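# An overview of the molecular structure
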Amino acid sequence: MSRNRFEQNKSNPFAGLIYLLPLLGFIALFVLFYRGISSVSDTTTAKQMESLENALNRSITQCYAVEGAYPPNLEYIKEHYGLIYDEELFYVDYQPIGSNIMPDVTILLRTGGAQ
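Scoring rules and cut-offs
- Residues numbered from 1 in each chain as written.
- Predicted model: local features only at pLDDT ≥ 70, side-chain atom pairs only at ≥ 80, totals over all residues.
- Heavy atoms only, no water.
- Core = buried A, V, L, I, M, F, W, Y, C linked by side-chain atoms within 4.5 Å.
- Buried < 20%, exposed > 50% of the residue type's maximum accessible area, 1.4 Å probe, protein only.
- Helix = DSSP H or I, 4+ residues; strand = E, 2+ residues; numbered from the N terminus.
- Contact = heavy atoms within 4.5 Å.
- Salt bridge = Lys/Arg side-chain N within 4 Å of Asp/Glu carboxyl O.

## Focus on the nonpolar core
Core analysis: the largest hydrophobic core is formed by 16 residues, its most contacted members being L52, L56, L74, I77, L83, Y85 and V92. Of all the elements in the fold, those that place two or more residues in this core are α1 (15–67), α2 (74–81) and β1 (90–95). It is α1 that provides the largest number of residues to this core, a total of five residues. Those residues in contact with V92 that lie beyond four places of it in its chain are L52, L56, L74, Y85, V105, T106 and I107.

## A few points about the pattern of salt bridges
The final tally for this structure, using the stated rule, is two salt bridges. Residue K78 is joined to E87 by a salt bridge in which the shortest nitrogen-to-oxygen separation is 2.8 Å. One network of salt bridges, in which partners are shared, links E75, K78 and E87.

Structure representation (C-alpha cells):
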C-alpha cells in the first residue's frame, strides 16, 4: 500500500488557528491605532479650549485697560478685539456683571463637536 507523503494522517485541531493569527494581529493593530488617534484628538481639543480661555482673558483684560470698562458682551470682543474660535466646537457663556467687575466666562465643549 503506497502512501502519499503530502497526505496527513491526523487532523490538527489548531490548524485553523494559524490562519486566524494574521487577522487577529491586524484587528489588534487597528484597535491600538484607533485609540492613539482618539487620544491625540482629545489632547488637541483640550489645548484648543485652553488657548480659547487664554485669548478670552487677554481680550477682556486688554479691553478694560484700554477702555476703562469690561466688554458688554462676547460679540463686542469678537468685533473690536479679533476673537475667533470654533463656535461649532465650543460654547462660550459670557455673563457681564458690571462695567468695573470682571465678567463671568464659562467655556463648554459642545456635544457632537469633533469627537
